[in-house]
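Reading the structure
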Amino acid sequence: MHKLWAITAAGFLAISAGCRSPDSGVIFSGSIFGDAKEAKSHLDAYKQIFLVCIYEDHWEDRGPHEYSLHHFKGTVVRTYKGNWMVSEKIAFVHGVDAPALTTSNAHVGSLIFVFTDEHKEGEIGLDAGDFLGYDTQLERQIRFLFPKQEKG
């Protein structure tokens, strides 16, 4: 009888402490993607969504009237959608319409969300919006939309 009371009390405490299904309106409040439906529609356009920890980055100056290239190398730390695996290495590049910076490895240790259709060994080209710096609210939104993430 005491076990039944303990289980009932634990359940009541969990519910009163806020253990409930997340409210998409709260989760997507202020989202760059809009509400949950708009975010899902936008992110469904990508085959691969994952989080990368950067271990190297450098700039390439291609001269006047050319995009500067910012090269990144990283390790996948979490997959939300697609077939990239945790601990897999990735290289990607982003063209910037500005002079190349002279700093190297300024983003080492940074976490970056990557949105792409590609999964390959070579360097992947990413446009603006195809990668975003880590943000706890953005992660919460992605986890809400893609709850079955890779373990590892």
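Here the structure is a predicted model, which means the values were calculated and not measured. (Residues numbered from 1 in each chain as written. Predicted model: local features only at pLDDT ≥ 70, side-chain atom pairs only at ≥ 80, totals over all residues. Heavy atoms only, no water.)

1. Looking at helix α4 (residues 136–145)
Put simply, the rule reads: Throughout this description, buried means an accessible area under 20% of the type-specific maximum (1.4 Å probe, protein chains only), exposed means over 50%, and partly exposed covers the range between. Helix and strand definitions follow DSSP, with helices as H or I runs of at least four residues and strands as E runs of at least two, each counted in order from the N terminus. Arc, as used here, means the arc of the directions from the helix axis to the C-beta atoms. Residue contacts follow a heavy-atom distance rule, with two residues in contact if any of their heavy atoms lie within 4.5 Å. N or O atoms closer than or at 3.5 Å make up a polar contact, with two conditions inside protein: a donor-capable atom paired with an acceptor-capable one, and, for residues adjacent in sequence, both atoms drawn from side chains.
Among the residues of α4, those classed as buried are Leu 138, Glu 139, Gln 141, Ile 142 and Leu 145. For α4, the angular spread of buried residues about the axis comes to 160 degrees, placing them on one side. The elements touched by buried residues of α4 are α2 (24–27), α3 (36–43), β1 (48–60), β2 (68–81), β4 (111–116) and β6 (131–133). N-capping of α4 is provided by Asp 135, with a side-chain oxygen placed 3.0 Å from the backbone N of Gln 137.

2. Things to note about the side chain of Thr 116
Within the secondary structure, Thr 116 is located in strand β4. Taking the relative accessible area as the measure of exposure, Thr 116 reaches 5% and is therefore buried. Other than its neighbours up to four places away in sequence, Thr 116 contacts Tyr 46, Lys 47, Gln 48, Phe 50, Ile 124 and Leu 126.

3. Focus: α3
Those residues of α3 not exposed but buried are Ala 36, Ala 39 and Leu 43. Mapping the buried residues of α3 onto a view down its axis gives an arc of 65 degrees, with all of them on the same face. Exposed residues pointing more than 90 degrees away from the buried face of α3 are listed as Lys 37 and Ser 41. On its buried side, α3 packs onto α2, β1, β2, β4 and α4. If you check the start of α3, you find a side-chain oxygen 3.1 Å away from the backbone N of Lys 37, and it comes from Asp 35.

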